[in-house]
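Residue-level listing of the chains:
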Amino acid sequence: MKTSALRALTLAALSTWPMTTLAAKAPAAPAAPAVPVDLTAAPRMGTWGFDLGGRDTTVTAGADFYKHCNGAWDARTPIPSDRARFGVFEALNELSRARSRAIIEKAAADANATPDARQVGAMFKAFMDEKQVEKLGKKPLEADLAAVKAVKTKEELAALMGATQSGFGGAFFDMYIGQHAKQPEKYVAYLGQGGLNLPNRDYYLTAQFAEKKAAYTQYVAQVLGAAGWPQAGKAAEAIVALETDIALVSWTRVEQRDAVKSWNPMTPAELAALAPGFPWAPFLKAARLDRAETLVVGEPTAFTRIAEVFALTPVETLRAWIAFTVVDQAAPFLSKRFVDAHFAFRGKALSGQPEIQPRWKRGVEAVGRTVGEVVGRLYVEAYFPPASKTMMEALVADLKRAMGARIERLDWMSAVTKKRAQEKLAKFNVKIGYPSKWRDYSALQLDATDLYGNIKRHAAFDWDYDIKRLDRPVDRAEWAMTPQTVNAYYDPTMNEIVFPAAILQPPFFDPQADPAINYGAIGGVIGHEITHGFDDQGRQFDADGKLQDWWAPEDAERFVARAKGLIDQYSAFEVLPGAKVNGALTLGENIADLGGILLGLDAYALSLGGKPAPTIDGLTGEQRVLLGWAQVWRAKYREDALRQQVASGPHSPPMLRVNAVMRNVDAWYSTFGVQPGEALFVAPEKRVRIW
Ligand SMILES: [Zn+2]
């Protein structure tokens, strides 16, 4: 099964493990209205867009700006028991989920529903029919596990791994079809290091996660045993030892995010020479990639070593490994015994979440993952007013203007590089709300009595869709997120910024709010996505999305030196004992955050047209822009979830997306009167200035 096809840079990390992105305190599901609702139906903050009562004004801005803005909210807000973290993103996700549920239940109950709405209904019914999944028990797994048991040779094992792309199960090498980084008008097949079933290699190799690794071994034994796999305990030991070997030779997340080092196109023959320990021909054939002339390898040195691990591992262990990945991926769609075991490890042990989400929330999630754009179309009809799109278009134009002016003012960049940066900015594509055309799911068979089969058929349907891309030009209308997703992204090969409908709500975007709040919140988000086009990786792609260096060498050197300053600043933060922020891993997001809020401030100033900003409740315009930014990063974490994000995620924890960013913003010092000696104070000459 596909692990990740998304190369895009997202605004926020939302789910820590599949199927757990929902909160306990669901608002009552509103009935789907027949006419578009007003945006004000969603909750607004305070009287002008900011929740003044959520601040803790006993803490100064310079001591802890996150607490200054959000401390009272932090103190009064518990994390719901079915969440690993909770904040603004999750609260909006709740709303989105409740709305989606209303849409889905209506579709499920409508005898005259359109064919695609019937698919939505069938998928949801299949998920909600607990009696049926209980009755079936482990039966749905049997045919797939029998196929695993039947393999005798390494060639057959490799073929099995290739075939998992169209069903349940893992592989030592991940596959996806994406845009060609040198010829962005066409698609190409990508291969990446795989084989790990913990969040990243640190979980196998560092003392910080030793307990998690022990719990993992138990979990592997438990679900293999439940599935009837022979000698499950012994198999589990061998599986975890095998994955530890893979972890040892895998690239780190920092190495993986290097766009140049991870671009290694080669022929199948060159791949076979690079990693001779693995039977590539049967693998590629089973994955339907045997006709691909070019394969882009992400981590060449790891490929050689992982292939060696494959060659040295007994067939019996490899069979058990594949069997485990099938059961692990299928568990959320099987009987309670499997669901509970899966949650107890992936939700509770790894993320610290006390309780599993109610079944309906997981059902809405499952529908979103299979026929999400059908729900999205109905969501947009009901909840996304056309006026929001118009207002967003104007805001994006403001932010782009602000970026153009910043590029022009840079004192460290030469005129020739500035000109190319402006060309790139001018060519940004902008997508707001929802796709201009919707995905066609008509070839996907969804059956209200066959949950396991539905998930498998969806995986096959999706991979078939991807494979067929190899024969056609790039579809620029495609979206990597559904409209009901609370997030945003920049895609470097598309050179585009994308804002789904569900993020265009308070406190990100509120037509009723003081404009300063919107410039700080959604303006900062737009600025963040724009800046991704110019972060340490995004800057290596040109105006047409080509991975091609357009920088004068001395400008590139100056950029790298400035970025280094940011790496050092962030690396000094230890958010929990033993859990230090990885300044190199989070560099792209940190550059985007700094650029984002500076652009929000600039765009607000431009919007005033030379007039002074009004003062509201004693707060200046600049203060309100910065409060707007701080408010959207309200979030609370369970310790395990925070450790997981710090070890694995490209995003800094939300409190740092407020505190660490402000240290480099001159306007924050002046408008809040931050003084030397305060905890967050950085001397002017030491502040990092990039965009
Ligand atoms: Zn981002």
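Residues numbered from 1 in each chain as written. Predicted model: local features only at pLDDT ≥ 70, side-chain atom pairs only at ≥ 80, totals over all residues. Heavy atoms only, no water.

1. Regarding the overall build of the protein
Worth spelling out the cut-off: Numbering of helices and strands runs from the N terminus; a helix is a DSSP stretch of H or I covering at least four residues, while a strand is a stretch of E covering at least two. The quantity called the radius of gyration is restricted to C-alpha atoms. Its globule counterpart is 2.2 Å times the number of residues to the power 0.38. Relative accessibility under 20% of the residue-type maximum defines a buried residue, over 50% an exposed one, and the middle range a partly exposed one, all with a 1.4 Å probe and only protein chains included. Note on contacts: a residue pair is in contact if any heavy atoms of the two residues lie within 4.5 Å. Shrake-Rupley sampling with a 1.4 Å probe provides the accessible areas, and residues are treated as covered by the protein chains on show and by no other component. Just so you know, the count uses Lys and Arg for positive and Asp and Glu for negative, and it drops His and the chain ends. Lys charges are placed at NZ, Arg charges at CZ, Asp charges at CG and Glu charges at CD.
Counting secondary structure elements, the protein contains 27 helices and 12 strands. Taking 26 Å as the expected radius of gyration for a compact globule of 691 residues, we find that the protein reaches 25 Å, a close match to that expectation. Evaluated residue by residue, the protein yields a buried proportion of 59% over its 691 residues. Put simply, 78% of the contacts in the protein that link residues at least 6 apart link residues at least 24 apart. About 25800 Å² of surface is accessible on the protein, with carbon and sulfur atoms providing 55% of the total. Side-chain charges in the protein split into 81 positive and 78 negative, and the spacing between the mean points of these groups amounts to 2 Å.

2. With respect to the sheet that holds strand β1 (residues 9-10)
Sheet strands pair via backbone hydrogen bonds, and the direction of the pair is either parallel or antiparallel. Threshold: Strands pair, by our definition, only if DSSP identifies at least two bridges between them. In this description, a line fitted to the C-alpha atoms serves as the axis of each element, helices being fitted only across the stretch in contact, and the angle between N-to-C directions of two axes falls anywhere from 0 to 180 degrees.
Pairing within the open sheet is mixed, and its four strands lie in the order β1-β8-β9-β7. The strands lining the two open edges of the sheet, one partner per strand, are β1 and β7 (429-433). With three bridges joining them, strand β8 (residues 489-491) and strand β9 (residues 496-500) adopt antiparallel strand pairing. When the sheet's bridge partners are listed, Asp491 is paired in β9 with Glu496. Running over the sheet, helix α17 (residues 386-409) touches β7 and β9 and is turned about 150° from β7.

3. Remarks on the nonpolar core
Heads up, the condition is: Grouping buried Ala, Val, Leu, Ile, Met, Phe, Trp, Tyr and Cys residues that are joined through side-chain atoms within 4.5 Å yields what is termed a nonpolar core.
Of all hydrophobic cores here, the largest spans 199 residues; its most connected members are Phe65, Phe283, Trp668 and Trp691. Ranked by residues supplied to this core, first place goes to helix α16 (residues 359-383) with 11 residues. Sequence-distant contacts of Phe283, defined by excluding residues within four places in its chain, comprise Ala158, Ala159, Met161, Gly162, Ala171, Phe173, Met175, Leu191 and Phe278. Tyr176, Val188, Trp263 and Leu547 belong to the second-largest nonpolar core, a separate cluster that totals nine residues.

4. Details of the packing of aromatic side chains
We apply this condition: The pairing test for Phe, Tyr and Trp rings, Trp by its six-membered ring, is centres within 6.5 Å, and the orientation test on the planes gives stacked under 30 degrees, edge-to-face over 60, and tilted for anything in between.
Using the criterion set out here, one finds 47 aromatic pairs in the structure. When the ring of Phe172 is compared with that of Trp321, the centres are 4.8 Å apart and the planes differ by 85°; the resulting orientation is edge-to-face. In this pair, Phe172 is assigned in the loop between α6 (154-163) and β3 (173-179) and Trp321 in helix α14 (residues 315-330), connecting sequence segments 149 residues apart. We note that Phe172, like Trp321, is buried. When the centroid spacing of 6.0 Å and the interplanar angle of 5° are considered together, the rings of Trp280 and Phe303 count as stacked.

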